[in-house]
Amino acid sequence: MTNGWVDMKNADMMLIMGGNPAENHPCGFKWAIEAKRTRNAKMIVVDPRFTRTASVADLFCQLRVATDIAFLGGVIRYAIENNRYAKDYLLNYTNAAFIVKDTFKLPEDEGLYSGYDAKTLSYDKATWNYANGDAAGKPLPEAHVLTAAPHLAPGTPAPPPSLTEKPAYDFTLQNPNCVFQLLRKHYSRYTPEMVERITGVPKEQFLKAADLFTSIRKDGDTKKVGTIIYAVGWTQHTSGTQTIRTAAMLQLLLGNVGRAGGGVNALRGHSNIQGATDMAGIFDNLPGYLKVPVPADGSFEGWMKRITPKASKPGPWESFNYWGNTSKFGVSLLKAMYGDAATKQNDWAYDYLPKVDRNYSWTYLWDNMYNGIVKGLFAFGMNGVAIGPDTKKNIDALKKADWLVVGEIYPDETSEFWKSPGITTEEMKTIQTTVYRLPCAGFAEKDGTFTNSARWLQWKNTALPMPGNCRLDQAIVAQIFLKVRALYQTDGGKFPDPILKLTWNYTDPANPSLAEVLKEINGKTFVDAEDPATKQQLKANQQLPGFAWLKDDGTTACGNWIYCGAYTEAGNLTMRRDPADPSGMGVHQNWAWSWPANRRVLYNRASCNVDGKPWDPTRRQVWWSEAAQKWVGNDVPDFKADSKPADHMGPFIMNPEGVGRLFAPLGAFADGPFPEFYEPTESPVDNLLHPQQSRNPVVKRFKTPDDKYATPKDGYTIVCTTYRLTEHYHYWTKNNPMNVQLVPEPFVEIPEELAQEIGLRGGDKVRISSIRGEYVAKAMVTKRIKPMLIDGKKTYQVGFPIHWGYRGIAEDEGKTSKTLANLVTPAVVDPNAYTPEFKGFLVKVEKA
Amino acid sequence: MSQATLRIQKISGHAGSVPGQDTQRDLQVCKLVDTTTCIGCKACEVACVEWNSMPFSPTTFDNTYQTMPDTRWNYWNLILFNEHEREDGSLQWLMRKHQCMHCAEPGCLEACPADGAIVQYSNGVVDFQQSSCIGCGYCITGCPFNIPKLNSVTKRVYKCSLCTDRISEGLEPACIKSCPTGCLHFGTKEDMLDLAGQRARQLKEHYGYGNAGVYDPPGVGGTGVIYVLHDATKPELYGGLPANPSIPFVVKLWKHPLKWLGNLAIAGGLIGLFVHYLRFGPKAREDEDIPPVGAQP
């Protein structure tokens, strides 16, 4: 989240899409209700079905799954056409005025941006860049720039295009190639009529929603604030990343980012998934969102050159470009990992880091296992067979693996893949995978921090002792590491150094204390140091107060630069529990510790106008103090503290431009600098904007026999989605009696009209089948999903919660069909984040 | 259970007066349920089961998100779900927390013939004392909300106790504590009515619910559980909430006029017997009525 849970109570307007917080985040949702109760805030819910969130909303729109970009694009068009946007904010805090190269082409009727290569299913993004500008910001002819480029020896590959450092700009926003005019042109096709035809939301209903959400900017109002709240209803699509992009652009247009009660707010689905992403539980990041090195980088310097951006801004403006400090984060990380073994002479142990040569994300991992490349898997608290997508493919992949280690608190589907329903005793004999089950600790039996959606690191203490022979995750990992290290020491190996030289200085190396790990993550200085601005001093080996102290000369170590400040000489700040909120805006500065630097609302400089005065004097977050000559406030300013308003430094300090990106240049996104509506991989209709390019042109498909993708011609004409209930938590609570009592059996939600057509009554068994597999459960016949008219054609949507499998209380008593939700979902992923398309595919619905 | 600080003001089936009745005043407690902010999360259902250590009972799928069709002897608190289509075609999914209403004039207590099986404390809470319950089920007839539920094995009835064990120690009821959205409130009847009224006014002024109002039925003297409803003119939409509940006529008839008539009949009969005896003496034998032994007809 850019903002936070408690901050939601400051909102005047809420758009909840691709998320169902009443059901899946009931405790956090109290803050949305608080906004209604105390500010008369209004709530709009847009969802494929009428959820428990919709039951407390002021306006509900039923939307066809995976068409969120069409809806949001329509709202962007509405905002521009009806002058419902924040003009000063737009001009000064976004790249609306930047001029794009005239070789750049919008998709329009073709559905493809400039630079598409159909053979590789990818784009050459060189034209997706700002035009070079002269001193006054006028665009320079491209030829002029080419002749200025250095002469390359023949055969040398051209360097990848870099972001224009001196972009052309037009502060009147009239130049036809300026970002604002391109934005307007791009979304001019997303008329209310088109939105109705694509999404199924009737035109009047859509206009009501667009009017209500943008009403905060009616008549030039800059005081009111709107928030957008979303979850995996947006991310679990091939259009996921771009959907979130569209929302971010809308929020920039409306001037809501950086404001209390505003922002773009992701509701994370697990207690510590934010922590997992921050600490790089993803293959293409290192902790703190540093980009991993690739083979072509060649050296530490090459790596830094590629991933460190240079500022890109109009002459009269300033850009902090905080990622310009990447080398400080990178060196400090390597010093944390390798200590004295990382020196300037050996390139900071750059050679010890694995170089990422291809896609190792979730679906690729299983595809590689299916193809015999991945031989073994450690699965800790992760039920891969149930998670899918395309469960059958995951089971078939495990059949080919040599070994599987499952660390869990109960017997799960993954550890019993070899006897999943449908596998005969004959086939079982052929499965050679050795399966190890390690009893692990549950969440109440472990200490450590959870990082929540609001970026708060909150320490928790162990509440219960572990039963029986359970071990802590860190103890298991540590003991494996120590054993592997011992083997390298005695037996040698191809490249032992990254293992032998890894820092492992815990008091109990076989069971590292998480408090010690958090200290490492925070980082320390190896030498005496002083901060030139504040004159604060540190002694050697003291904990660092914050990431401003990080250096790239090897004198600092830090496991994750964004967490620097969580465990200082003052102690473990994540343990703090002071509820004081002096400003009343939910800024609890001394409750736990929030990254970065304990800021609660990101980009909060944008909560003020160009003169440094808050847009809304009743909700003051930060402001420029003439007397103190710095930014001060109720929250930690997310800005260079002493940058005067007159210097015009952009509030979006993590972008090279310093401003928010309406246009996302170069390689920021694989499929376009503006989000374009594309149909999901399995869709009931062709794309009404450009039928000959229905789908996202860069989305790839897997090619194993288990990877099948359907079209309506194959007989799968009903749109299907999957979701979660309040009463259950993924595949875990089917083992807990209380949850099973609340919702005892799996079910599929079917519209009344469809049920009538097939002769289904509530409670009848129904079979949902996709081209990949079948899901059998009882029908819940409901009014909460209505039939839709997609391009005038009657289209049905169905959906079901995912929480059952072939092992659990009801399952073991033979009360369910033992089918898994993800037997029907497709293994196809978002081209930017690689999240699978769990929530939009085609099925048949039949009585079972 | 510590009810040390709770004073009893009414006792079921009790002959004579209640000791200390009306000697002191106590603030009435009240649960406020704002159906307009209930998200049907069932935290309150779980809290009730766990606080009262109730055993799990099997449930089955019933084409609804509702956990079970009605409360049970071991499930005192249930969210009722209703998919309601309005005239303009828009949908409302109404959710009402269903449990004992703790009526000021409780029909269950009125109907109960067993001395002390049902009591009402001076703070308004109506409590079942299972040790005195005879399992006759009359309380079920007496309740206009169909709340008391019989355990067919132990032959005792059960219902929400408004967490007397918690409130007598200054804590809020378990359901109140667990509610994540703050839809549930607990306090004095006066304060809760005030809060409810404010919310109803807010719904009218800012959210277009012209018929929003507070449910506090006078037919049972008002209740210890009050609801804020989007539409107070249609309580039946909220899982069959009765529009005008009162103690059933049969119970009132039986416990008042019929009881007195019955008492009168018994007393009258005894007096009549005594007076007749005084007037006519014991029944005398008439000679011509009894034939002598051996006489021929």
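Analysis parameters
Residues numbered from 1 in each chain as written. Chains lettered and ligands numbered in written order. Predicted model: local features only at pLDDT ≥ 70, side-chain atom pairs only at ≥ 80, totals over all residues. Heavy atoms only, no water. Salt bridge = Lys/Arg side-chain N within 4 Å of Asp/Glu carboxyl O. Helix = DSSP H or I, 4+ residues; strand = E, 2+ residues; numbered from the N terminus. Pairing = 2+ DSSP bridges. Axes fitted to C-alpha atoms, helices over the stretch in contact; angles between N-to-C directions. Buried < 20%, exposed > 50% of the residue type's maximum accessible area, 1.4 Å probe, protein only. Polar contact = N/O pair within 3.5 Å; in protein donor to acceptor, adjacent residues only side chain to side chain. Patch = residues over 30% accessible without salt bridge, like charges linked within 9 Å, V, L, I, M, F, W, Y side chains within 5 Å. Areas by Shrake-Rupley, 256 points an atom, 1.4 Å probe, with all protein chains shown as cover. Contact = heavy atoms within 4.5 Å. Buried area = accessible area lost by both parts, 1.4 Å probe. Nonpolar A, V, L, I, M, F, W, Y, C, P; charged D, E, K, R; others polar. Core = buried A, V, L, I, M, F, W, Y, C linked by side-chain atoms within 4.5 Å.

1. Section: the pattern of salt bridges
Note that side chains of opposite charge can pair when their charged atoms are close. All names here are of chain A. Under the definition given, this model contains 54 salt bridges over all chains. Measuring nitrogen to oxygen at the nearest pair gives 2.9 Å for the salt bridge that ties Glu727 to Arg52. With a gap of 675 residues between them, Glu727 in the loop between β24 (718–723) and α21 (737–742) and Arg52 in the loop between β2 (42–47) and β3 (59–62) connect regions that are remote in the sequence. The shortest N-O distance in the salt bridge between Asp642 and Lys640 comes to 2.9 Å. Linked by salt bridges that have partners in common, Lys392, Asp396, Lys399, Glu427 and Asp706 make up one network.

2. What about the sheet that holds strand β2 (residues 29–34) of chain B?
Residue and element names in this part refer to chain B. An order of β9-β2-β11-β10 is seen for the 4 strands of this open sheet, with the pairing classed as mixed. Two strands in the sheet have a free side with no partner beyond their single neighbour: β9 (184–188) and β10 (213–215). The average undirected angle you get between the axes of adjacent strands in this sheet is 25°. Where β10 meets strand β11 (residues 225–229), 3 bridges bridge the pair, whose relative direction is antiparallel. Bridging across to β11, Tyr215 finds its partner in Tyr227.

3. Quick notes on the side chain of Gln202 of chain B
All names here are of chain B. The residue Gln202 is located in helix α6 (residues 189–207) in this model. For Gln202, a relative accessible area of 12% puts it in the buried group. Reaching out from Gln202, the side chain makes a polar contact with the side chain of Arg199 at a distance of 2.7 Å.

4. Considering a nonpolar patch on the surface
Residue and element names in this part refer to chain A. Taken together, the side chains of Phe378, Trp403, Tyr436, Ile480 and Val484 present a nonpolar region at the surface, about 420 Å² in accessible area. With respect to the helices and strands, the residue Val484 is situated in helix α18 (residues 473–491). Relative accessible area serves as the criterion here: at 31%, Val484 is assigned to the partly exposed category.

5. Points about the interface of chain B and chain A
At the interface, 35 residues of chain B touch 42 residues of chain A. Area buried by chain B at its contact with chain A is led by Phe61, Tyr65 and Tyr207 of chain B, which between them contribute 22% of it. The interface formed by chain B and chain A includes 3 salt bridges. Two residues, Glu83 of chain B and Arg784 of chain A, come together in a salt bridge whose shortest N-O distance is 2.9 Å. Where chain B touches chain A, the interface holds 22 residue pairs in polar contact (both at pLDDT 80 or more). Breaking the side of chain B that touches chain A down by element, the ones donating at least two residues are α1 (43–51), β3 (78–85), β4 (91–98) and α6 of chain B. Sort the elements by how many residues they give to the side of chain B that touches chain A and β4 of chain B lands first, with 4 residues. Grouping the constituent residues of the side of chain B that touches chain A by class yields 16 nonpolar, 15 polar and 4 charged.

6. Description of the nonpolar core
Residues and elements named next belong to chain A. Core analysis: the largest hydrophobic core is formed by 118 residues, its most contacted members being Phe29, Met43, Ile750, Ile768, Tyr775, Val798 and Val845. Tallying contributions element by element places strand β27 (residues 774–782) first for this core, with 5 residues. Sequence-distant contacts of Ile750, defined by excluding residues within four places in its chain, comprise Ala755, Leu760, Val766, Ala779, Met780, Val781, Thr782, Val798 and Val845.

7. Examining the environment of Met575 of chain A
Residue and element names in this part refer to chain A. On the secondary structure map, Met575 appears in the loop between β20 (571–572) and β21 (593–594). Taking the C-alpha atoms as reference points, Met575 and Trp593, separated by 18 residues in sequence, lie 8.1 Å from one another. Excluding its chain neighbours within four sequence positions, the residues that come into contact with Met575 are Trp459 and Asn461.

8. What to know about the side chain of Asn20 of chain A
Residues and elements named next belong to chain A. By secondary structure assignment, the location of Asn20 is in the loop between β1 (13–17) and α1 (21–24). Among the polar contacts listed, one links the side chain of Asn20 to the side chain of Thr51, at a separation of 3.4 Å. Filtering out sequence-adjacent residues up to four positions away, Asn20 remains in contact with His25, Arg49, Thr51, Arg52 and Thr53.

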